[in-house]
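What follows is the residue order along each chain.
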Amino acid sequence: MNSRPAPFDVLDRKILTALMANARSSFAEIGAAIGLSSTAVKRRVDRLRETGVITGFTATVKPSALGWRTEAYVEVYCEGAAPPRRLAEVVRNHPEITAAMTVTGGADALLHVRARDVEHFEEVLERIRTEPFIRKTISVMVLSHLLPDAPEAGASQPAPQDAADVR
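Bear in mind the structure is a predicted one, so any value in this text is a computation, not a measurement.

1. So, the environment of Asn93
Structurally, Asn93 can be placed in the loop between helix 4 (84-92) and strand 2 (97-102). In this structure Asn93 comes out as partly exposed when scored by relative accessible area, which is 48%. For the pair Asn93 and Ile128, spaced 35 residues apart in the sequence, the C-alpha separation amounts to 9.4 Å. Within the local environment of Asn93, its side chain forms a polar contact with the backbone oxygen of Glu89, the two atoms lying 3.3 Å apart.

In structure tokens form, the structure reads like this:
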């Protein structure tokens, strides 16, 4: 995969817009909408995939259908300067963490956590807090999504069957 963004034109942008709206659109449907043959659309999609512009295709699922009924954002404050790769190692050990990033401001990192219920969330939070370099956490529970069609409102994996087995 190429690390440099590949240049793309207006037709590529139209293809990306169509796929972001509905990744199940056929090349023929996209081509008809933007004035290209399905073969030309496929060639462009293949090139966009090869150059790393398109990183994958996914389904957005209602989290509660997968068992994720509780959602929160957790600010993580570290002792000293915890390197991002160390934080990445930690978050990979918690399948309930669906997104994680280092941030500016007071916190060192921000975690997006999904859990079956409040008790499960508390158990996940306690596991996160056992890391020796984590000084404190501040959690904010999500009550509702104001943009329910945004990818952040969906889930990418089912809830674990038993929180105790997720360590």
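2. Points about helix 4
Taken together, the buried positions of helix 4 are occupied by Leu87, Val90 and Val91. Down the axis of helix 4, the smallest arc covering the buried residues is 95 degrees, so these residues share one side. Opposite the buried face of helix 4, by more than 90 degrees, sit the exposed residues Arg85 and Arg92. Contacts from the buried residues of helix 4 go to strand 1 (70-78), strand 2 and strand 3 (109-115).

3. Examining the side chain of Asp12
Relative to the helices and strands, Asp12 is located in helix 1 (residues 10-21). Residue Asp12 is classed as buried on the basis of its relative accessible area, which comes to 1%. For Asp12, the residues in contact, after removing those within four places along its chain, are Arg44, Arg47 and Leu48.

4. Thoughts on the pattern of salt bridges
This structure, assessed with the given rule, holds ten salt bridges. Residues Lys42 and Asp46 are paired through a salt bridge, measuring 2.5 Å at the closest nitrogen-oxygen approach. Here the residue Lys42 and the residue Asp46 both occupy positions in helix 3 (residues 38-50), the gap between them amounting to four residues, near one helical turn. Arg129 is paired through a salt bridge with Glu126; the nearest N and O atoms lie 3.0 Å apart. One end of the pair, Arg129, and the other, Glu126, are both in helix 5 (residues 118-129), three residues apart, so they sit about a helical turn from each other. Counted as one network, the salt bridges with shared partners bring together Asp9, Asp12, Arg44 and Arg47.

5. Here's the deal with the sheet that holds strand 4 (residues 134-141)
If you walk across this open sheet you meet the four strands as 2-3-1-4, and the pairing is antiparallel. Each having just a single partner strand, strand 2 and strand 4 make up the two edges of the open sheet. Put simply, the sheet's adjacent strands are angled 20 degrees from each other on average, direction ignored. Bridge analysis of strand 1 against strand 4 gives seven bridges, and the strand direction is antiparallel. Counted as the bridge partner of Val74 is Ser139 from strand 4. Against the sheet, helix 4 contacts strand 1, strand 2 and strand 3, and its axis sits at roughly 170 degrees relative to strand 2.

6. Some words on the packing of helix 2 (residues 27-34) against helix 3
Where helix 2 meets helix 3, the closest approach of the two axes is 8 Å, and the angle between their N-to-C directions is 105 degrees. By the angle class used here, helix 2 and helix 3 are roughly perpendicular. Contact with helix 2, carried on its side by Phe27, Ala28, Ile30 and Gly31, involves Ser38, Val41, Lys42 and Val45 of helix 3 and no other residues of that element. Its residues assigned to classes, the contact of helix 2 with helix 3 comprises five nonpolar, two polar and one charged.

Procedures and definitions
Residues numbered from 1 in each chain as written. Predicted model: local features only at pLDDT ≥ 70, side-chain atom pairs only at ≥ 80, totals over all residues. Heavy atoms only, no water. Helix = DSSP H or I, 4+ residues; strand = E, 2+ residues; numbered from the N terminus. Buried < 20%, exposed > 50% of the residue type's maximum accessible area, 1.4 Å probe, protein only. Polar contact = N/O pair within 3.5 Å; in protein donor to acceptor, adjacent residues only side chain to side chain. Arc of directions from axis to C-beta. Contact = heavy atoms within 4.5 Å. Salt bridge = Lys/Arg side-chain N within 4 Å of Asp/Glu carboxyl O. Pairing = 2+ DSSP bridges. Axes fitted to C-alpha atoms, helices over the stretch in contact; angles between N-to-C directions. Parallel < 35°, antiparallel > 145°, perpendicular 65-115°, else oblique. Nonpolar A, V, L, I, M, F, W, Y, C, P; charged D, E, K, R; others polar.

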